[in-house]
Amino acid sequence: MAPIDLDAEVLRNTHLSAGYHVLVLAAPGIAAATRPGQFVMIRTTTGTDPLLRRPFSVFEILRDADGTPEAISILCKLVGPGTARLAGASAGDRLAVLGPLGKPFDLVAPPSEAWMVAGGVGLAPFAALTESLAALATPTRLFYGGRSRTDLFYLDWFEARGVRLDLATEDGTRGTHGRVTAPLEAALRVMPADRPLTIYVCGPEPMLKAVAALGRVHGRPSQVSTEQVMGCGLGGCYSCVVRVRDESGTPHFVRSCLNGPVFRGEDLVWE
Amino acid sequence: MNVDLCVRIGSLVLKNPLMSASGCFGYGLEYADIVDLSSLGAVVVKGLFLNEREGHQPPRIVETPSGMLNAIGLQGIGVHRFVREKMPELRRLGAVVIVNVCGSSLDEYVEVSRILSDVEGVAAIELNISCPNIKEGGIQFGCNLSSTHEVVSAVRRVTTLPLIPKLTPNVTSVSSFARAAEEAGADAVSLVNTFLAMAIDVDTRRPKLSNTMGGLSGPAIRPIAVRMVYECAQLVRIPVVGMGGISSARDVLEFMIAGATAVQIGTATFVDPFIWSTLRSGIEEYMARHNVGRVTDLVGSMERWI
Ligand SMILES: Cc1cc2nc3c(=O)[nH]c(=O)nc-3n(C[C@H](O)[C@H](O)[C@H](O)COP(=O)(O)O)c2cc1C
């Protein structure tokens, strides 16, 4: 379906911590068309600085009382001047939002389980994914890592939807002390081979690489949501490339905005 | 008021002066869902070599004040796959297709151009002798007057398609290159390609692009591009296709008044992929307001102070 460009009204901007916030945007057309894993391109200013739009995974698809999609939310981490503008947005402001874009996750159904693995702002595609998997009654787990206890969000939200949580923090203030790959690996070890599962992962590149490797070692398919710098989000500029193997096994650069952002872990070639 | 937006580049008549800039619009088809490709004056596609190319490692772009640097490295599918896989659909959609031709050698420019000359639906060739991001080919032809003359003459001999060498601004006098291209038989020149530039992350002390250097585009370069288009239009008789930072109808008009017969829009389409209809209606509204019947009447219409 063709993406839509909307001048979307900011409905809420909820600050989760000093570095993270959730922006809710009135975008019925985009909300109705979005599949989990897809993204939107948001213009952070009407001027020329910063010039380009920013890609954001659609975090939640919000519905009205009748269940009609009316808004999307995005999970934002403060990183630079563009995201600083978004952090400062307030209800009533308007932002140009283009989407939905890119290839969504493939959903797995029972008896397969879905194991989501998130690092930091890599939580972004997993709220929408959780809702779609819940509709299929797929059992879900979330392995979620952050620097500290205060960098882990929406835990109640996921628990309320029946997601089993495995947390990790680098400073040990919550869950396993260290990287989220540790509890993931432990869980993969004890999972009987005859019980199918698919790994969904989003986060910093070293983590994506490590999780895709764990999936390979344990014979589990993975779907990796990549986060590249993007110029246009539509396939025009060839800036957001990642290396993937084609059918013959030869690696090529492909545009993550068109061929991704979700790739099969086994297809990605890491530098 | 009924206004006439037609412009002419050599034997090619365009329904309006607006074209996509090469490398900023994929092969056009990426946008077919959201833009009526036949509504553009022309669709200029990504630069093509004879064979496929992988391009540079990411990061390939970085934002700079009111602009961006890119070092894509001309990733592309090569001319054969383009003709096979993209041209049929571009023809079906009624796009006026201009192919940006690259080469690592004189022979490659000639060969790619020869192949395209026989392809139905290719309306013109834009000869890319100005990409700042690859070592071999491209800019090495565009930075030397006799090489420019040589490559344009050689391609001229194998094609009757309108031939539009694309010039680099990374020289002392762009207009002398426009003159060399004209003397070698070009039907028009296009300019500017990007300005060779660089940005460094001071925390990591690494360049922000994997290629170290890249090309600067966007609103930041517009005044320099306008000056260069003006200088070229003063010196040559063939049409000049102007670009560099165009983001509004007023920017289009500025280039045309400076002497551009047509314009290309690159970076601004990343920000607003729906820009084409906005630009067209903005130009029409200006023409009505200023009582200009034909858009060609604006070309080179700058008034002097004294
Ligand atoms: C990402 C990117 C890729 C480009 N690729 C090409 C190319 O393949 N061939 C070419 O002749 N110019 C290429 N250019 C240059 C543009 O066509 C244009 O000359 C330049 O960007 C100035 O126009 P703008 O400021 O409207 O973008 C590229 C520019 C950008 C930003």
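The shown structure was predicted, so the numbers you read here are calculated from the model rather than taken from an experiment.

K.L.:
Quick question: what am I supposed to make of the overall build of chain B here?
P.N.:
Broken down by element type, chain B carries 9 helices and 16 strands. Against the compact-globule benchmark of 19 Å for 306 residues, chain B has a radius of gyration of 18 Å, which places it among compact chains. The dimensions of chain B, computed from C-alpha atoms along their principal axes, are 55 × 50 × 40 Å. Taking all 306 residues of chain B together, 60% fall into the buried category. The contacts of chain B with a sequence gap of at least 6 include a subset with a gap of at least 24, amounting to 71%. If you sum the accessible surface of chain B, you get close to 12100 Å²; carbon and sulfur atoms cover 50% of it.

K.L.:
Sorry if this is basic, but what is going on with the sheet that holds strand 5 (residues 61–64) of chain B here?
P.N.:
Two strands in a sheet stick together by hydrogen bonds in their backbones, pointing the same way (parallel) or opposite ways (antiparallel). Residues and elements named next belong to chain B. Read from one edge to the other, the open sheet built from 4 strands follows the order 5-6-14-11, with strand pairing classed as antiparallel. Because the sheet does not close on itself, it has two edges, and the strands there are strand 5 and strand 11 (195–198). In this sheet, neighbouring strand axes are inclined to one another by 40° on average, regardless of whether the strands run parallel or antiparallel.

K.L.:
How do you make sense of the packing of aromatic side chains when you look at a structure like this?
P.N.:
How two aromatic rings sit relative to each other is given by the distance of their centres and the angle of their planes. This model, assessed by the stated rule, comprises 12 aromatic pairs over all chains. Relative to Trp276(B), the ring of Phe25(B) lies with its centre 5.8 Å away and its plane at 75°, an arrangement referred to as edge-to-face. Here Phe25(B) is found in the loop between strand 3 (18–20) and strand 4 (43–48), whereas its partner Trp276(B) is found in helix 9 (residues 275–289), with 251 residues between them in sequence. Put simply, the rings of Phe59(A), Tyr154(A), Trp157(A) and Phe158(A) touch in pairs and so form one group of aromatic residues. Taking the ring centre of Trp157(A) as reference, the NZ or CZ of Arg161(A) above it sits at 3.8 Å. Its guanidinium or amino end placed over the ring of Phe253(A), Arg60(B) lies 4.9 Å from that ring's centre, counting from NZ or CZ.

K.L.:
Sorry if this is basic, but what is going on with the packing of helix 5 (residues 174–183) of chain B against helix 6 (residues 222–235) of chain B here?
P.N.:
Residues and elements named next belong to chain B. Running from N to C, helix 5 and helix 6 cross one another at 40°; their axes reach a closest spacing of 8 Å. When the axes of helix 5 and helix 6 are compared, the pair comes out oblique. At the point where helix 5 passes helix 6, the crossing takes the right-handed sense. Here Val-174, Ser-175, Ser-176, Ala-178, Arg-179 and Glu-182 of helix 5 lie close against helix 6, whose contacting residues are Met-228, Glu-231, Cys-232 and Leu-235.

K.L.:
For this particular structure, what's the right way to read the domain arrangement of chain A?
P.N.:
Accessible area lost upon the coming together of the parts serves often as the stated size of an interface. All names here are of chain A. Taken as a whole, chain A is organised into domain 1 (4–101), domain 2 (113–225) and domain 3 (228–271). Each of domain 1 and domain 2 has a C-alpha centre, and the two are 24 Å apart. Each partner contributes to the interface: domain 1 provides 14 residues, whereas domain 2 provides 14 residues. Around 1300 Å² of area is buried between domain 1 and domain 2 when both sides are counted, 71% of it from carbon and sulfur atoms.

K.L.:
What should I look at first to understand the interface of chain A and chain B in this one?
P.N.:
At the junction of the two partners, chain A supplies 32 residues and chain B supplies 31 residues. Of the roughly 2600 Å² buried where chain A meets chain B, counting both sides, 59% is carbon and sulfur surface. Broken down residue by residue, the surface that chain A buries against chain B is led by Leu51(A), Tyr238(A) and Phe253(A), which jointly contribute 27%. Here chain A is connected to chain B by 3 salt bridges. Where Glu54(B) meets Arg243(A), a salt bridge forms, and the shortest distance between an N and an O atom there is 3.1 Å. The interface formed by chain A and chain B contains 13 residue pairs in polar contact (both at pLDDT 80 or more). Sorting the residues of the side of chain A that touches chain B by element identifies strand 14 (241–245) and strand 15 (251–255) of chain A as the ones contributing at least two each. Among the elements that make up the side of chain A that touches chain B, the one with the highest residue count is strand 15 of chain A (4 residues). When the residues that make up the side of chain A that touches chain B are grouped by side-chain class, the tally is 17 nonpolar, 7 polar and 8 charged.

K.L.:
Mind showing me how you'd approach the confidence of the model for chain B here?
P.N.:
Detailed reading of the predicted model is not advised wherever pLDDT is low. Considering every residue of chain B, the mean pLDDT works out to 95; 98% of them sit at 70 or more. Interface predicted TM-score (ipTM) for the complex: 0.94; the corresponding pTM is 0.95.

K.L.:
Could you clarify how one ought to interpret the pattern of salt bridges in this entry?
P.N.:
Side-chain pairs of opposite charge can arise whenever the charged atoms involved come near each other. This model, assessed by the stated rule, comprises 20 salt bridges over all chains. A salt bridge links Arg53(A) to Asp5(A); the shortest N-O distance between them is 3.3 Å. Separated by 48 residues along the polypeptide, Arg53(A) in the loop between strand 3 (39–42) and strand 4 (54–57) and Asp5(A) in strand 1 (residues 4–15) bring together distant segments of the chain. Given a relative accessible area of 3%, Arg53(A) falls into the buried group. Judged by relative accessible area, Asp5(A) falls into the partly exposed class, the value being 30%. Three or more residues are tied together by salt bridges with common partners; here these are Glu52(B), Arg81(B) and Glu85(B).

K.L.:
Where do I start with the site of the ligand in this structure?
P.N.:
Residue and element names in this part refer to chain B. In the vicinity of the ligand, 23 residues are found, and the nearest of them are Ser-22, Lys-166, Gly-218, Gly-245 and Thr-267. Measuring from an oxygen atom of the ligand, one finds a backbone N or O atom of Ser-22 at 2.7 Å. In the complex, 98% of the free accessible area of the ligand, which totals 610 Å², lies under the protein chains. Looking at side-chain class alone, the shell around the ligand contains 7 nonpolar, 14 polar and 2 charged residues.

K.L.:
Can you walk me through helix 1 (residues 78–92) of chain B in this structure?
P.N.:
Because an α-helix packs 3.6 residues into every turn, residues spaced three or four apart end up facing the same way. All names here are of chain B. With 15 residues, helix 1 should reach 21 Å at 1.5 Å per residue; the first-to-last C-alpha distance of 21 Å fits that figure. Of all the bends in helix 1, the largest measures some 45° and sits at Lys-86, one to four residues before the proline Pro-88. Among the residues of helix 1, Gly-78, Val-79, Phe-82, Lys-86, Met-87 and Leu-90 are the ones counted as buried. Residue Gly-94 follows helix 1 closely and has a positive phi angle near 75°.

What counts and how
- Residues numbered from 1 in each chain as written.
- Chains lettered and ligands numbered in written order.
- Predicted model: local features only at pLDDT ≥ 70, side-chain atom pairs only at ≥ 80, totals over all residues.
- Heavy atoms only, no water.
- Helix = DSSP H or I, 4+ residues; strand = E, 2+ residues; numbered from the N terminus.
- Rg over C-alpha atoms; globule rule 2.2 N^0.38 Å.
- Buried < 20%, exposed > 50% of the residue type's maximum accessible area, 1.4 Å probe, protein only.
- Contact = heavy atoms within 4.5 Å.
- Areas by Shrake-Rupley, 256 points an atom, 1.4 Å probe, with all protein chains shown as cover.
- Pairing = 2+ DSSP bridges.
- Axes fitted to C-alpha atoms, helices over the stretch in contact; angles between N-to-C directions.
- Phe/Tyr/Trp six-rings, centres within 6.5 Å; stacked < 30°, edge-to-face > 60°.
- Lys NZ or Arg CZ within 6 Å of the ring centre and 35° of its normal.
- Parallel < 35°, antiparallel > 145°, perpendicular 65-115°, else oblique.
- Left-handed = near helix turned anticlockwise from the far one by under 90°.
- Domains from an automatic or database assignment.
- Buried area = accessible area lost by both parts, 1.4 Å probe.
- Salt bridge = Lys/Arg side-chain N within 4 Å of Asp/Glu carboxyl O.
- Polar contact = N/O pair within 3.5 Å; in protein donor to acceptor, adjacent residues only side chain to side chain.
- Nonpolar A, V, L, I, M, F, W, Y, C, P; charged D, E, K, R; others polar.
- pLDDT = per-residue confidence, 0-100.
- Near = heavy atom within 4 Å.
- Expected span 1.5 Å × (residues − 1).
- Bend = angle between axes of the 7 residues up to and from the residue.

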